[in-house]
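Take a look at the letters that make up each chain.
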Amino acid sequence: MTTTPTPTVGKATGPNDALLVVENLGKSFGGHEVLGGINVTVRAGEFMCIVGPSGAGKTTLLQCLSGLTAPTTGAVTLRGERVTEPPAEMAIVFQDYSRSLMPWLSVLDNVALPLRSAKIGKAERTEKAMAALTEVGLKDHVHKYPWQLSGGMQQRVAIARALAYAPSIVLMDEPFASVDAQTRADLEDLTLNVKRHLGITILLVTHDIDEAVYLADRVLVMGKKPTVVVDLVETHLGPHRDQIATKATREFAELRSRVYKQIRRDDLTNSAGSIAAVG
Amino acid sequence: MPAKTGPRRAGLGGKRHRVGLGAKLIAIATVLIGWQLLAMSRVAGDSLPTPVKVLQALIGLWGTSDYWTALGTTLRAWAIGLALCAVIGIPVGLILGVSMRATQSTRWIIDFFRTIPTIALLPLVLLLFGASARMEITMIVLAAIWPLLIQSMYAAKQVEPLLKWVVRVFRLSPLDRLRYLWAPSVSLFVSTGMRLAATMALLMAISAEYIGGAPGLGTELSNVEEALRRPEVFAYAFTCAMLGLLINVLVVFIQRRLLWWHPIIRGERAA
Ligand SMILES: Nc1ncnc2c1ncn2[C@@H]1O[C@H](COP(=O)(O)OP(=O)(O)OP(=O)(O)O)[C@@H](O)[C@H]1O
Ligand SMILES: [Mg+2]
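Computed from a prediction, not measured in an experiment: that's the story for all the values here. Along every chain, residues carry numbers that run from 1 in the direction the sequence is written. Each chain takes a letter, starting from A, and each ligand takes a number, starting from 1, following the order in which they are written. This being a predicted model, a pLDDT of at least 70 is required before a residue's local features are given, and a value of 80 or more before pairs of side-chain atoms are given or counted; all residues contribute to the totals for chains, interfaces and linings. Note that water and hydrogens are dropped before the side-chain values are worked out from all heavy atoms of the structure.

Once that is clear, we can look at the overall build of chain A. Labels follow the DSSP assignment, with helices taken as runs of H or I lasting at least four residues and strands as runs of E lasting at least two, numbered in each case from the N terminus. Each helix and strand in chain A was counted, giving eight helices and 10 strands. Across the 279 residues in chain A, those meeting the buried criterion constitute 54%. By definition in these notes, contact holds between two residues if any of their heavy atoms fall within 4.5 Å. Partitioning the contacts of chain A with sequence separation of at least 6, the portion at a separation of at least 24 is 69%. Note on areas: Shrake-Rupley, 1.4 Å probe, and residue coverage restricted to the protein chains presented here. Accessible surface, chain A as shown: approximately 12,000 Å² in total, 52% of it carbon and sulfur. Relative accessibility decides the category of a residue: with a 1.4 Å probe and only protein chains considered, values under 20% of the type maximum give buried, values over 50% give exposed, and everything between is partly exposed.

Attention shifts here to the coordination of the magnesium ion (ligand 2). Six octahedral donors around a metal ideally sit at 90 or 180 degrees from one another, while four tetrahedral donors ideally sit at 109.5 degrees. Residue and element names in this part refer to chain A. Each metal's donors comprise the N, O and S atoms found within 2.8 Å of it (within 3.2 Å for Na, K or Ca). Water is not part of the atom list, so some coordination spheres may appear incomplete. The magnesium ion (ligand 2) binds to the protein through Thr59 (OG1) and Gln95 (OE1), with metal-donor distances spanning 1.9 to 2.3 Å. Residue Thr59 is located in helix α1 (residues 58-66), and its partner Gln95 is located in the loop between β6 (90-93) and α2 (107-112); the two are separated by 36 residues in the primary sequence. Looking at Thr59, the relative accessible area reads 27%, which means it is partly exposed. Judged by relative accessible area, which is 35%, Gln95 ranks as partly exposed.

Residues and elements named next belong to chain A. Not every one of the 15 residues close to ligand 1 is listed here, only the nearest: Ser54, Lys58, Thr59, Thr60 and Lys225. Think of a polar contact as two N or O atoms within 3.5 Å of one another; within protein, one of them needs to be a possible hydrogen donor and the other a possible acceptor, and neighboring residues in sequence only count if both atoms come from side chains. For ligand 1, an oxygen atom lies 2.7 Å from a polar atom in the side chain of Thr59. At 2.9 Å from an oxygen atom of ligand 1 is found a side-chain nitrogen or oxygen belonging to His207. Looking at the shell around ligand 1, the elements with two or more residues in it are β2 (32-43) and α1. Split into classes, the residues belonging to the shell around ligand 1 amount to four nonpolar, eight polar and three charged. Summary of the distance rule: residues count as near a molecule or strand when at least one heavy atom falls within 4 Å of that molecule or strand. Gly falls in the polar group here, along with every residue not listed as nonpolar (Ala, Val, Leu, Ile, Met, Phe, Trp, Tyr, Cys, Pro) or charged (Asp, Glu, Lys, Arg).

With that settled, the discussion passes to the packing of aromatic side chains. Whether two aromatic rings pair depends on their centres lying within 6.5 Å, for rings of Phe, Tyr and Trp, where Trp uses its six-membered ring; planes under 30 degrees apart make the pair stacked, over 60 edge-to-face, and the rest tilted. By the definition in use, this model includes 11 aromatic pairs over all chains. Judged by centre distance (5.0 Å) and plane angle (65 degrees), the ring pair of A:Trp104 and B:Trp261 falls under edge-to-face. You can see A:Trp104 sitting in the loop between β6 and α2 and its partner B:Trp261 sitting in the loop between α10 (230-258) and α11 (263-270), one on each of two chains. Joined through ring pairs, the aromatic side chains of A:Tyr145, A:Trp147 and B:Trp260 make up one cluster.

Residue and element names in this part refer to chain A. Inspection of the secondary structure assignment puts Ala112 in helix α2. The spatial distance from the C-alpha of Ala112 to the C-alpha of Thr206 is 27 Å, given a sequence separation of 94 residues. Sequence-distant contacts of Ala112, defined by excluding residues within four places in its chain, comprise Arg125 and Ala129.

Here the focus is the UniProt feature "domain: ABC transporter" (unreviewed entry) in chain A. UniProt positions are given in the numbering used here, feature names are shortened, and annotations may be inferred rather than shown by experiment. In the numbering used here, UniProt assigns the "domain: ABC transporter" (unreviewed entry) feature to residues 20-249 of chain A. A distance of 31 Å separates the end C-alpha atoms of residues 20-249 of chain A, which is 31% helix and 26% strand.

Let's shift gears to the nonpolar core. Take the buried Ala, Val, Leu, Ile, Met, Phe, Trp, Tyr and Cys residues and link them wherever side-chain atoms come within 4.5 Å; each set so joined is a nonpolar core. Core analysis: the biggest nonpolar cluster contains 157 residues, and A:Ile38, A:Leu65, A:Leu203, A:Val219 and A:Val259 have the highest contact counts within it. Beyond its immediate sequence surroundings of up to four residues, A:Leu203 is in contact with A:Val42, A:Met48, A:Ile50, A:Leu62, A:Leu65, A:Ile169, A:Val170, A:Leu171 and A:Met172.

A few words on the interface of chain A and chain B. Interface size is often expressed as the accessible area that is lost when the parts come together. Each side of the interface is counted separately: chain A has 29 residues, and chain B has 22 residues. When the area that chain A buries against chain B is broken down by residue, the three leading residues are A:Arg99, A:Trp104 and A:Trp147, summing to 30%. Salt bridge, as used here, is a side-chain nitrogen of Lys or Arg placed within 4 Å of a carboxyl oxygen of Asp or Glu. The tally of links between chain A and chain B comes to three salt bridges. Taking the shortest distance from any N to any O, the salt bridge between A:Arg99 and B:Glu160 comes out at 2.5 Å. Our count for the contact surface shared by chain A and chain B stands at nine residue pairs in polar contact (both at pLDDT 80 or more). Within the residue set of the side of chain A that touches chain B, elements represented by two or more residues are β6 and α4 (151-164) of chain A. Using a 1.4 Å probe, buried area is obtained as the accessible area two parts lose upon being combined, added over both of them.

What follows concerns the sheet that holds strand β4 (residues 73-78) of chain A. All names here are of chain A. Here, strands pair whenever DSSP counts at least two bridges between them. Strand order across the open sheet formed by four strands is β2-β1-β4-β5, with antiparallel pairing between neighbours. Two strands close off the open sheet at either side, each with one partner strand: β2 and β5 (81-82). Note that strand β1 (residues 18-29) and β4 share five bridges and pair antiparallel. Residue pairing for β4: Val22 is matched across the bridge by Val76. Of the strands in this sheet, β1, β2 and β4 touch α1, which is tilted by about 120 degrees from β1. Orientation is described by axes fitted as lines to C-alpha atoms, over the contacting stretch for helices, and by angles from 0 to 180 degrees between their N-to-C directions.

Time to look at the packing of helix α3 (residues 65-98) of chain B against helix α8 (residues 174-212) of chain B. Residue and element names in this part refer to chain B. Relative to each other, α3 and α8 sit at 140 degrees, their axes nearing to 9 Å. By the angle between their directions, the pair α3 and α8 is classed as oblique. Handedness of the α3/α8 crossing: right-handed. Every residue of α8 that contacts α3 at Thr74, Trp78, Leu82, Ala86, Ile90, Leu94 and Val98 is listed here: Trp182, Val186, Val190, Met194, Ala197, Ala198, Ala201, Leu202, Ala205, Ile206 and Glu209. Residue composition of the contact of α3 with α8, grouped by class: 16 nonpolar, one polar and one charged. An angle below 35 degrees is read as roughly parallel, one above 145 as roughly antiparallel, one from 65 to 115 as roughly perpendicular, and any other as oblique. Should the near helix be turned anticlockwise from the far one by less than a right angle, the crossing is termed left-handed; should it be turned clockwise, right-handed.

Residue and element names in this part refer to chain A. Reading across from one edge, β6-β7-β8-β3-β9-β10 is the order of the six strands in this open sheet, with mixed pairing throughout. Here the strands that pair on one side only, and so sit at the sheet edges, are β6 and β10 (229-234). Direction aside, neighbouring strands of the sheet carry axes that sit 15 degrees apart on average. Strand direction decides the pairing type here: strand β3 (residues 47-51) and strand β9 (residues 218-222), joined by four bridges, are parallel. Pairing of Met48 across the sheet is with Arg218, part of β9. Along the sheet face, helix α5 (residues 181-198) touches β3, β7 (169-173) and β8 (201-205) and points at about 140 degrees away from the line of β3.

All names here are of chain A. As a per-residue measure, pLDDT tells how confident the predictor is, with possible values from 0 to 100. Across chain A, the average pLDDT comes to 84, with 89% of residues at or above 70. For the stretch residues 1-15, pLDDT sits under 50, and the model shows 18 contacts to residues farther than four places along the chain or on other chains. In this model, residues 271-279 is a region of pLDDT below 50 whose contacts with residues beyond four sequence positions or in other chains number 16 contacts.

Written out as structure tokens, the structure reads:
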């Protein structure tokens with residue numbers, strides 16, 4: 001379908017800081033081609049945001065990156081090893097957060113459950129789960145059940161569960177889509193802080209271009225199906241960001257319009273379809 | 001698969017409305033008075049004993065060891081039969097349910113065996129084991145395993161696919177997956193299967209005794225019937241009915257204790 005080869009945008013990365021390498025990743029569902037050859041290298045310790053129109057295959061991409069779904073073509077390697085099952089150092093925050101929590105376990109038990117695979121005692125598991133829940137501001141709700149919480153709170157439980165697992169790489173699929181603006185800003189800053197302190201690598205899918213630019217070291221822009229990487233934008237906004245100051249800078253505005261134009265251009269050439277541009 | 005929140009298909013017979021105790025008592029009293037009047041009238045002749053006579057007969061039976069031995073024997077066969085159904089039916093059902101191919105290839109066999117009226121197999125089983133507890137237990141298993149097997153097959157398909165991914169991502173051990181994902185996920189359908197099987201097992205236990213002559217309440221029923229002791233016939237029939245009711249109440253109670261977190265049970269409570 002694609003007449004032009006996938007543009008290799010962004011700076012070439014040295015082999016030393018390449019953490020996750022995606023080579024010519026394609027995925028079809030029964031002849032219906034969704035991903036049409038994705039090439040990207042995720043650096044260790046970077047925050048990469050993935051934006052693209054609805055149905056572009058962002059969720060599908062994350063599934064392939066984690067080894068939950070086998071790609072039709074191409075390969076994913078983590079530290080040089082082929083990914084076929086979710087690696088031990090990876091955690092995921094699923095888009096469908098409410099279904100990703102277990103209704104028969106309390107909030108605390110939901111967060112502590114993944115720690116069973118690490119060989120640590122119950123007291124330590126509880127302690128770590130409590131710490132993660134405190135971090136996302138749910139300290140007072142740990143003994144409730146997921147279905148007693150609002151959507152945004154459930155989403156924070158899912159985030160706490162991923163953090164408590166102490167991964168080195170986290171995949172997040174629209175993790176802030178269902179929270180109010182203030183909580184959203186808080187969670188964005190929380191995520192940035194956690195990333196800075198723990199030095200983890202984060203791949204975050206979002207519809208919100210402002211959010212993508214604000215959070216990311218690099219923004220990966222996906223086109224329409226069959227999807228390839230349209231652009232990979234380095235933000236150079238530095239490690240410290242501020243909801244008001246950073247968003248008021250000229251660099252921010254330029255980055256924002258660059259990403260926006262990339263999506264728009266792709267949107268126009270493919271006619272119909274809409275994207276949520278701003279949050 | 002529907003989300004675990006929001007409206008969902010009705011389970012366990014849908015929403016229940018609380019009926020006042022008073023209304024229930026009035027209904028029971030009406031039936032008893034109607035029965036008493038009917039029994040005293042000429043329409044029924046003396047084939048229908050009055051409820052008072054039946055109660056007297058029942059109290060009389062409570063003083064005999066025959067009654068309690070029969071009750072114990074029936075309950076024992078019922079419990080063993082039901083336990084066998086669970087031990088065989090639940091794992092087999094779950095395994096068949098997990099794989100779509102296994103479900104499809106075994107579906108017709110299960111449907112075939114399920115539709116055979118089990119009582120028609122009684123002569124065969126009698127030939128094998130005679131009028132014994134073994135015969136009775138075999139009959140119970142043959143009759144009651146099907147609802148459990150089929151409910152377990154459905155249960156295996158009900159497990160939230162996203163949660164299967166969650167346990168993979170967080171690399172839970174197979175034992176932990178069983179304990180924290182599979183057991184809670186299948187418990188609603190499996191317990192519904194148990195409820196159906198428990199009722200079916202009692203039905204078959206009493207039939208196998210009454211028709212096949214295995215010791216228990218059914219045999220006693222047949223004995224007093226032959227002796228034309230009509231109030232006792234009613235007393236035994238009443239015992240069987242109460243047993244059925246009690247078993248059902250017990251299973252529902254356990255189900256609610258176990259599944260209080262489930263949207264369907266929660267919804268029922270809220271109503
Ligand atoms: N298991 C599946 N079987 C068949 N088609 C699928 C499957 N999963 C995804 N698709 C298709 O792949 C395409 C991309 O889906 P995906 O969920 O990855 O999009 P997305 O970019 O995450 O969209 P959104 O922003 O709405 O979440 C869609 O057209 C969808 O119908
Ligand atoms: Mg998605």
